[in-house]
Amino acid sequence: MDLTRLLNPRSIAVVGGGAWCRQVIAQCQRAGFPGRLMAVHPDADSVGGVAAVREVAQLPCAPDAAFVGVNRHATLDVVAALSNAGAGGAVCFASGFSEAVAEDTCADDLQRQLLDAAGRMPILGPNCYGFLNAFDGAMIWPDQHGLARVDRGVAILTQSSNVALNLSMQRRALPVGYVITCGNQAQLSQALIARQLLDDERVTAIGLHVEGFGDLREWEALARAARARGVAIVVLKVGRSSQAQQATQSHTASIAGGSAGADAFLARLGIPQAGSLTVFLETLKVLHMRGPLAGGRLASVSCSGGEAALIADAATRLPDLSFPQLTGEQDHALRKALGPMVALANPLDYNTYIWRDTAAMARAWAAMEAPGLDMVLVIVDFPRADRCDAADWECAIEAALLASRSCPTPMAMVATLPELLPEDVAQRLMAGGVVPLCGLDDALAALDAARARAGVAEERLPVLLPGLPREAALLAEAEAKRLLARHGLDRPSGFRATSPADAARLTARLRAPFVLKAEGHAHKTEAGAVRLNLQDADAVEASARAMGAAAFLVEEMVHPIRLELLIGIHRDPAHGFVLTLAAGGILAELFDERAHLLLPVRAQDIDAALAGLRLDRIVRGYRGAAPLPRRRILEAALALQDFAVTHADRLEEVEINPLLITDGRAIAADALIRMTPS
């Protein structure tokens, strides 16, 4: 669907009256919209000073874009009339459609009627403010906003009109070309709109404030198109703690939490995340000026040891950022610029004796440049203009601009507090090629987010879609292991028994010591339904009688055990099937690290995820110990994936906890499967 006429209109019609509709006209006029403004009102002769006709059919031409500011029932007729007239698109301001279905059972039906009325005409919303196009002055927006006209800038898309309004008011010198609200996305999703914006050469980067992804295939297509076009995207994902919760019986789903699927999906697409609105804006600023950074190798220079310590400490929370030791060339250049009185290091405290000497400051700051660095950061805080004389800080602005011109490495000026970098100063810096960053922690988080994602250029298989909700039942452990063994998973030797005496009899076919488990428990240890290290048949029978279960699983005990892992897959209804790799056994919920991947995965993906966990040091051989069979761990995870892919239409979750790692094997000591019966 082509959105060109809607988002870049030459004519705009406002349908309806009242303050909201008058504001749309006022905002377009204030922005100098060069096209034609028209109005439709059944009773008034004009709206906001623009002559009005009584109905859409009487408009002198089919508008490229229309703001429909009438109630939800009247919206249906207006949208149908616009579509029939050949309009380029419409903003549906009214609420009370599918977003209100919990309070109004008619809301979903109204939304279906709205889509029928629109036909092939694009519509934004309903329940949205519309959009701001600061490139062309098309402000189809029923309220105040903070944008000014720009020639190049970023695009911001959000479902929340109020968040969009607030973002338009930012005072961080970020040039914003589009602010688009998507409402309840009845027809146009964020991903579809963002793909359209990729074709606008004026858009330098795209920021998406996301509540939910919706159609995963649209997002995959967006990521491919953005890579091809060379436009960076950053996402602020909200609702992380309240994602739809399913009734889980595995550790896997509980430790994955609500955000694991979203995080894994974005990582797979190579799209970075910002953790807050401020980091979101600062990341867009970096991407607008410099595009994705090759890495996270930084140099920092400040006139205070306190600031040098602050930035060094802050970077420790972001393991992919680093301050490399000074090279011989840097050391020589700095010594030449600063003399012998400064202790040289990165981060650098250059002291204050060269302050006000613009040329000397520029030489010192430029001397921090070195091949392989991704950004040189100059920390400067500006005084309050209402209480202080800021003239002394002019030297810092000029020095930064001068140093940037002689420094091949990109340069940024960072204020430790966001409010200590005035907007007019930030605009001057940006015009001179220096990235102005507001707030030390936010600046580092933005630089981390702006790094080029590893593997972003790879074409990955589409994610395995989650399908529809399903009724699922817990399989007996013996059956779960039998099914998984068909896909190549290693398991202990054992048998299912239907009575204590049967369990004792079956030990004759196994080697002691034995493990006995009672059926019917997802978490056997917590339920007291497992006994370990039983030495003979009598001990097995006595333990079984004490458990009082209807059926049992008796197995050979695995030993010696070098490591316990958890490998599980659960169906995330919003994002697909999430594979989780973590510490296993009783430490599954206590060991605070885990990796999440979306299916399908490759052996190298699992290997990289394992390498990102601290427990990988054990796998590789810790403190002189022999390495563990890494290949067997990868094979176990791939076997679990093979099972999940085969049964994707029925599976809710499958888990191996623990996966026991010995010197040569990776053995499923416990298996849980919850799926729809065949």
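Definitions and cut-offs
- Residues numbered from 1 in each chain as written.
- Predicted model: local features only at pLDDT ≥ 70, side-chain atom pairs only at ≥ 80, totals over all residues.
- Heavy atoms only, no water.
- Buried < 20%, exposed > 50% of the residue type's maximum accessible area, 1.4 Å probe, protein only.
- Helix = DSSP H or I, 4+ residues; strand = E, 2+ residues; numbered from the N terminus.
- Arc of directions from axis to C-beta.
- Contact = heavy atoms within 4.5 Å.
- Polar contact = N/O pair within 3.5 Å; in protein donor to acceptor, adjacent residues only side chain to side chain.
- Core = buried A, V, L, I, M, F, W, Y, C linked by side-chain atoms within 4.5 Å.
- Salt bridge = Lys/Arg side-chain N within 4 Å of Asp/Glu carboxyl O.
- Pairing = 2+ DSSP bridges.
- Axes fitted to C-alpha atoms, helices over the stretch in contact; angles between N-to-C directions.

Engineer: So, helix 11 (residues 305–315): which residues are in play, and what are the values?
Structural biologist: In an α-helix, one turn spans 3.6 residues, which is why side chains three or four residues apart end up on the same side. Listed in full, the buried residues belonging to helix 11 are Glu307, Ala308, Ile311, Ala314 and Ala315. Take helix 11 and look down its axis: the buried residues cluster within an arc of 135 degrees, on one side only. Considering only its buried residues, helix 11 is in contact with strand 14 (298–302), strand 16 (375–379) and helix 16 (440–449). A side-chain oxygen of the first residue of helix 11 lies 3.0 Å from the backbone nitrogen of Gly306; this N-cap is Ser304.

Engineer: An account of the nonpolar core is needed here, citing residue identities and associated values.
Structural biologist: What tends to happen in soluble globular proteins is that the nonpolar side chains get buried as a cluster. In this structure, Ile206, Leu208, Trp219 and Leu444 are the most contacted members of the largest nonpolar core, which totals 107 residues. Of all the elements, helix 10 (residues 277–290) adds the most residues to this core, at seven residues. Apart from residues no more than four positions distant in its own chain, Leu444 is found in contact with Leu298, Ile311, Ala314, Ala315, Leu318, Leu321 and Leu377.

Engineer: Tell me about the pattern of salt bridges, and name the residues and values.
Structural biologist: What the rule picks out here adds up to 37 salt bridges. Residue Glu477 pairs with Lys517 through a salt bridge whose shortest N-O separation is 2.8 Å. On the criterion of sequence distance, the pair formed by Glu477 in helix 17 (residues 477–485) and Lys517 in strand 21 (residues 514–518) is long-range, its members being 40 residues apart. Given the relative accessible area of 7%, Lys517 is considered buried. Here Arg562 and Asp663 are joined by a salt bridge, their closest N and O atoms 2.5 Å apart.

Engineer: For the sheet that holds strand 14, give the residues involved together with the corresponding values.
Structural biologist: Spatially, five strands are ordered 15-14-16-17-18 in an open sheet, and the strand pairing comes out parallel. The open sheet is flanked by strand 15 (348–349) and strand 18 (435–438), the only strands paired with a single partner. Here strand 14 pairs with strand 16 via four bridges, running parallel. Of the residues in strand 16, the one forming a bridge with Ser300 is Leu377. Sitting on the sheet, helix 10 is in contact with strand 16, strand 17 (411–415) and strand 18, with an inclination near 175 degrees to strand 18. Sheet strands in contact with helix 16 are strand 14, strand 16, strand 17 and strand 18, and its direction is about 175 degrees off that of strand 16.

Keep in mind these values describe shape, not function.
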